[in-house]
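# Survey of secondary and tertiary structure
Each chain is listed here by its residues.
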Amino acid sequence: MRGAIAAGHPLTAEAGGRVLRAGGNAVDALLAAAFTAFVTEGPLTGPAGGGLLLVHERDGDTTLLDCFFAVPATRLGEMDEVLIDFEDAGTQVFHVGEGSVAVPGLLAGLEEAHRRFATVPWAKLVEPALELARHGVACDEPRAFLHRILAQILLRDEGGRRVYGDPTRVVTEDLRATLERVRDAGSGAAAELLPEFEDDLAAYQVAAATPIETTVLGRRVLAAPRPSRGGAIVVEILERLAAVGDPSTQDEALALHLAYGASAAGPLTGTTHVSVVDASGTAAALSSTLGSGSGVFRGGTQLNNMLGELDVIGDEPRAPGTRLPTMLTPTLALEDERPRLVLGSAGSVRLAGAIAQVAWRVIAQGLPVDHAIGASRMHVDGTTLHLEGGWDGDMDELGDAWEVVRWAGLNIYFGGVQAVELLGDGTLAAAGDPRRGGAGVVVS
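Residues numbered from 1 in each chain as written. Predicted model: local features only at pLDDT ≥ 70, side-chain atom pairs only at ≥ 80, totals over all residues. Heavy atoms only, no water.

## Considerations on the sheet that holds strand β11 (residues 270-278)
Defined as follows: Any two strands between which DSSP finds at least two bridges are classified as paired. Helical segments are the DSSP runs of H or I of at least four residues, strand segments are the runs of E of at least two, and each set is numbered from the N terminus. Convention adopted: a line fitted to C-alpha atoms gives each axis, helices being fitted over their contacting stretch, and angles between N-to-C directions are expressed from 0 to 180 degrees. Working rule for contacts: check all heavy atoms of both residues, and any pair within 4.5 Å makes them a contact.
With antiparallel pairing, the 7 strands of this open sheet are ordered in space as β8-β3-β2-β12-β11-β1-β22. Strand pairing shows two members of the sheet lacking a second neighbour, β8 (207-209) and β22 (439-443), which therefore form its edges. Taking each pair of neighbouring strands and ignoring which way they run, the sheet shows an average axis angle of 10°. Sheet topology note: the strand β1 (residues 3-7)/β22 ladder contains 5 bridges and is antiparallel. Across the sheet, the residue bridging to Ile 5 is Val 441, located in β22. Those strands touched by helix α1 (residues 10-21) are β1, β11 and β22, and its axis lies near 15° from that of β22.

Below, the structure is given as structure tokens:
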């Protein structure tokens, strides 16, 4: 089937592209890409992950599947602190270890999406990931950088050292058996990885929700509702941008700082995203995460550290079984009730701004999706305005109350957007974020 897919790794995108070429729909392609990302993007996602999955059906219905993390009845142990040096982006304290692991919902969410929307058998969609795991994955520069800065987490135990001990290649032999269980047992594989959470996982339910929405310049924009905090921020930023005036201008800073200037800086959370649209008008988007990863490896895959993501979830007591909050927000723009733009991002609290800026540049300024993603971004942290290298907007109107920090170039600090678009004439386009080594594939 004709379609387009964008993902956080070229091999992830290509796995989904092959499914489209074989006649699968957008959800089939997304699922194949999600499983492949367990191999290619293991620091960011995996069977012990969580996420939000948005599907727009060609009849016009849009569903958000909440498969994010839940609070366990009992923690696995204690948490440790590690200080991660992001080189030119500063340092960050992360909380990892057994006590940071939350109840994962990603496999249950993928299974629910398959049951509702897919046309290709589950086992067949896992096969591309299994085939890749037999050989491992060479580290390109974006992955080498990520693995280097997360070395204290990825190399924390022997299981992680077997996978990430070679700086030039990810060794995924240990993951094969886990993927085989994903193929054969579906979401039941999560309980095999985390038998301590067997009762928590048995009680876990994927929640179907109605996206929140707004209208921007005649296009309907749909984003994630709670437990996402990011969806509301994307909507507010776009509404404020639409109220500023001439959409051809680049003076987005004023609207953006009004919309989310109070956001905290947050960690550089390990997240990845897949966006897909097919020619029938079906669209799918998945944002999934392990947090920054717990540094605890089982079955060749890393467990999450979402109970340790205190900058996102806070430190207040939470009842067992309740969902943790998140900034993730797969996002969709509809034009004449057909998918115009499907996108999402990594980047913790910065991801909402990244999504809004890319969406604005496509639907308001008319930029092609690859140019919109490659354009410089901004982020507000308190009274500090961070401008990515190449930003040429005039900041004089902000006055002396703002400290403007200009970065030298594009940087992973400003998110990692993966997006696809379907134009009115049927033209398809896909683009991954160069900041994080993303890629797009168009099947014509």
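Right, picking up where we left off after that structure.
## Focus: the packing of α1 against helix α2 (residues 26-40)
To keep things clear, this is the line we draw: We call two directions roughly parallel when the angle between them is under 35 degrees, roughly antiparallel when it is over 145, roughly perpendicular when it lies between 65 and 115, and oblique otherwise. Throughout, a crossing is termed right-handed when the near helix is turned clockwise from the far one, and left-handed when it is turned anticlockwise from it by less than a right angle. Residue polarity is assigned by list, with Asp, Glu, Lys and Arg as charged and Ala, Val, Leu, Ile, Met, Phe, Trp, Tyr, Cys and Pro as nonpolar; anything else, Gly included, falls into the polar class.
Packing of α1 against α2 brings their axes to within 7 Å, and their N-to-C directions diverge by 150°. Taken together, the axes of α1 and α2 lie roughly antiparallel to each other. The way α1 lies across α2 gives a crossing that is right-handed. Where α1 abuts α2, its residues Leu 11, Thr 12, Ala 15, Gly 16, Val 19 and Leu 20 lie against Ala 26, Asp 28, Ala 29, Ala 32, Ala 33, Thr 36, Ala 37 and Thr 40. Here the residues of the contact of α1 with α2 sort into 9 nonpolar, 4 polar and 1 charged.

## Some details on the packing of helix α11 (residues 230-244) against helix α14 (residues 351-363)
The interhelical angle for the contact between α11 and α14, taken along N-to-C directions, is 40°, at an axis separation of 9 Å. Overall, the two elements α11 and α14 adopt an arrangement that is oblique. Both α11 and α14 take part in a crossing whose hand is right-handed. Contact residues: Gly 230, Ile 233, Val 234, Ile 237, Leu 238, Leu 241 and Ala 242 in α11; Ala 352, Gly 353, Ile 355, Ala 356, Ala 359 and Trp 360 in α14. Tallied by class, the residues present in the contact of α11 with α14 amount to 11 nonpolar, 2 polar and no charged.

## Notes on the nonpolar core
Condition: Here, the term nonpolar core denotes a set of buried Ala, Val, Leu, Ile, Met, Phe, Trp, Tyr and Cys residues that are joined through side-chain atoms within 4.5 Å. Accessible area is worked out with a 1.4 Å probe on protein chains only. A residue is then buried under 20% of its type maximum, exposed over 50%, and partly exposed in between.
With 72 residues, the main nonpolar core has Leu 30, Phe 35, Val 39, Leu 53, Leu 110, Leu 179 and Val 276 as its most contacted residues. When residues no more than four places from it in sequence are discounted, the contact partners of Leu 110 are Leu 31, Ala 34, Phe 35, Phe 38, Leu 53, Trp 122 and Leu 286. Counting 56 residues, the second largest nonpolar core, distinct from the first, contains Ile 237, Val 277, Ala 283 and Leu 351.

## Structural notes on the confidence of the model for the protein
Rules: Confidence scores labelled pLDDT are given residue by residue by the predictor and lie between 0 and 100.
In the predicted model, the protein carries a mean pLDDT of 91, and the fraction of residues at 70 or more is 92%. Scored below 50 in pLDDT, residues 260-266 makes 24 contacts in the model with residues more than four places away or belonging to other chains.

## Re the packing of aromatic side chains
Our working definition: Two rings from Phe, Tyr or Trp (for Trp, the six-membered ring) form a pair when their centres are within 6.5 Å of each other. A pair whose planes differ by under 30 degrees is stacked, one over 60 is edge-to-face, and the rest are tilted.
Tallied over the entire structure, the rule returns 7 aromatic pairs. Look at Phe 35 and Phe 38: their rings are 6.1 Å apart centre to centre, the planes differ by 75°, and that puts the pair in the edge-to-face class. With Phe 35 and Phe 38 both in helix α2 and 3 residues apart, this pair spans about one turn of that helix. For the residue pair Phe 35 and Phe 38, the accessibility class agrees, reading buried in each case. Measuring from ring centre to ring centre gives 5.0 Å for Phe 35 and Trp 122, while their planes differ by 75°; the resulting arrangement is edge-to-face. On the criterion of sequence distance, the pair formed by Phe 35 in helix α2 and Trp 122 in helix α4 (residues 122-133) is long-range, its members being 87 residues apart. Under the relative-accessibility criterion, Phe 35 is labelled buried at 0%. The exposure class of Trp 122 is buried, given its relative accessible area of 11%. Grouping aromatic residues by their ring pairs yields a cluster made of Phe 35, Phe 38 and Trp 122.

## Examining helix α8 (residues 173-185)
We count it as follows: One fewer than the residue count of a helix, multiplied by 1.5 Å, yields its expected span. What the arc covers is the set of directions going from the helix axis to the C-beta atoms.
Taking 1.5 Å per residue as the helical rise, α8 with its 13 residues ought to reach 18 Å, and the 19 Å between its terminal C-alpha atoms agrees with that figure. Listed in full, the buried residues belonging to α8 are Leu 175, Thr 178, Leu 179 and Val 182. All buried residues of α8 lie within an arc of 100° about the axis, which places them on one face of the element. Of the surrounding elements, those touching the buried residues of α8 are α2, α3 (106-117), α4, α9 (188-193) and β14 (301-302). Directly beyond the C-terminal end of α8, a positive phi value near 60° is found at Gly 186.

## Notes on the environment of Gly 50
Mapping Gly 50 onto the fold places it in strand β2 (residues 50-56). Apart from the residues within four sequence positions on either side, Gly 50 is in contact with Cys 67, Phe 68, Phe 69, Gly 105, Leu 106, Ser 287, Ser 288 and Thr 289.

## As for the sheet that holds strand β19 (residues 403-406)
The strand order across the open sheet formed by 3 strands is β17-β18-β19, and the pairing between neighbours is mixed. Here the strands that pair on one side only, and so sit at the sheet edges, are β17 (378-381) and β19. The average undirected angle you get between the axes of adjacent strands in this sheet is 20°. By the bridge criterion, 4 bridges tie β17 to strand β18 (residues 384-387) in an arrangement that is antiparallel. Its bridge partner lying in β18, Asp 381 is registered against Thr 384.

## Some points on α4
For α4, spanning 12 residues, the distance from its first C-alpha to its last is 17 Å, which sits close to the expected 16 Å at 1.5 Å a residue. Inspection of α4 places Trp 122, Leu 125, Val 126, Pro 128, Ala 129, Leu 130, Leu 132 and Ala 133 among the buried residues, and these make up the whole buried set. The secondary structure elements touched by the buried residues of α4 are α1, α2, α3, β6 (137-138) and α8.

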